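Coordinate inspection notes
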Amino acid sequence: DRIFTKSIAEAEALGVPPRPLSGLTVPHHLVAADLIARAFLLARDNSYDRIVVLTPDHFKRSRRPFATTVRDFDTVYGRVPSDGAAVDALLAATPLVENSDLFVREHGITAILPYVARFFPGTPVVPVAVAISSNRAEWDGLVDALAPLVTPRTLVLQSTDFSHYLPLPEAILRDQETLNVIAAHDRDALEKLRQPQHLDSRGGQYIQTRLQA
């Protein structure tokens with residue numbers, strides 16, 4: 001647990017001010033643990049009924065565009081419960097989502113749940129893995145299914161890495177292009193971003209953007 005404890009202590013030393021938040025986007029490689037910790041510190045004073053966690057399905061284990069699970073998660077800071085009723089409602093709402101065990105080996109969620117346990121102990125999660133091959137019509141379908149579960153007391157936690165495996169000048173360029181698209185709320189441009197050069201989950205970003213809107 002040293003990586004998590006160290007990253008949180010270093011972020012706290014920066015005096016990051018909390019603010020009201022309904023969404024966070026964080027990376028999921030612990031080489032960037034400092035950035036993850038800073039993001040959670042922004043949200044630390046909020047109280048949520050549930051947290052919807054969007055992660056890429058990195059290893060293409062889901063047979064459908066999206067996957068979820070009713071199983072709880074164990075972390076170094078204790079158990080993170082799954083919101084069973086919300087997961088059941090999501091599965092009943094659309095055939096686009098399957099119940100899956102893929103989360104056991106999905107670093108897109110296992111790297112960030114310790115922070116959930118540390119800052120929001122006992123708050124249940126609705127885990128959603130987004131298939132790399134999923135498309136915009138499917139993203140819209142998931143948003144419609146999630147919408148009844150996303151209230152003013154819900155945090156939408158998007159686990160996404162941005163520019164990948166690029167020389168620094170190109171990484172800076174791709175990240176700026178992505179930031180411009182997000183700031184403009186341009187869903188058409190978002191759909192056209194390159195994956196993984198711009199980000200590793202266009203679907204996750206699109207779903208987050210629509211839910212926040």
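First, a word on what this report is: a plain description of the structure on this page. Small disclaimer: the values here were computed from a predicted structure and weren't measured. (Residues numbered from 1 in each chain as written. Predicted model: local features only at pLDDT ≥ 70, side-chain atom pairs only at ≥ 80, totals over all residues. Heavy atoms only, no water.)

Helix and strand counts for the protein stand at nine helices and eight strands. By the compact-globule yardstick of 17 Å for 213 residues, the protein fits well, its C-alpha radius of gyration being 16 Å. Taking the principal axes of the C-alpha coordinates as reference, the protein spans close to 45 × 45 × 30 Å. Within the protein, the fraction of its 213 residues that count as buried is 49%. Taking all contacts inside the protein whose residues are at least 6 apart in sequence as the whole, residues at least 24 apart take part in 82%. For the protein, the exposed surface amounts to about 10000 Å²; the carbon and sulfur share of it is 54%. The positive charge centre, built from 22 side chains, and the negative charge centre, built from 25, are 1 Å apart in the protein. (Helix = DSSP H or I, 4+ residues; strand = E, 2+ residues; numbered from the N terminus. Rg over C-alpha atoms; globule rule 2.2 N^0.38 Å. Buried < 20%, exposed > 50% of the residue type's maximum accessible area, 1.4 Å probe, protein only. Contact = heavy atoms within 4.5 Å. Areas by Shrake-Rupley, 256 points an atom, 1.4 Å probe, with all protein chains shown as cover. Lys, Arg positive; Asp, Glu negative; His and termini not counted. Charge placed at Lys NZ, Arg CZ, Asp CG, Glu CD.)

What follows covers helix α3 (residues 84-93). For α3, the full list of buried residues reads Ala86, Val87 and Leu90. Looking down the long axis of α3, one finds its buried residues gathered within 100° of arc, a one-sided arrangement. Along α3, the residues that are exposed and aim more than 90 degrees away from the buried face are Ala85 and Ala92. At its buried positions, α3 is contacted by β2 (50-57), β3 (66-68), β6 (97-99), β7 (125-131) and α6 (136-146). (Arc of directions from axis to C-beta.)

What follows concerns the sheet that holds strand β1 (residues 23-26). Read from one edge to the other, the open sheet built from six strands follows the order β1-β8-β2-β7-β3-β6, with strand pairing classed as mixed. Every other strand in the sheet has two partners, leaving β1 and β6 as the edge strands with one partner each. Each strand axis lies, on average, 25° off the axis of its neighbour in the sheet, ignoring direction. Relative to strand β8 (residues 154-159), β2 runs parallel, the two sharing five bridges. Of the residues in β8, the one forming a bridge with valine 52 is valine 156. (Pairing = 2+ DSSP bridges. Axes fitted to C-alpha atoms, helices over the stretch in contact; angles between N-to-C directions.)

The next thing to look at is the packing of α6 against helix α9 (residues 202-212). Where α6 meets α9, the closest approach of the two axes is 10 Å, and the angle between their N-to-C directions is 45°. Taken as axis vectors, α6 and α9 run oblique relative to one another. The element α6 and its partner α9 pack so that their crossing is right-handed. For the pair α6 and α9, the contacting residues are Arg136, Trp139, Asp140, Leu142, Val143, Asp144 and Leu146 in the first and Arg202, Gly203, Tyr206, Ile207, Arg210 and Leu211 in the second. (Parallel < 35°, antiparallel > 145°, perpendicular 65-115°, else oblique. Left-handed = near helix turned anticlockwise from the far one by under 90°.)

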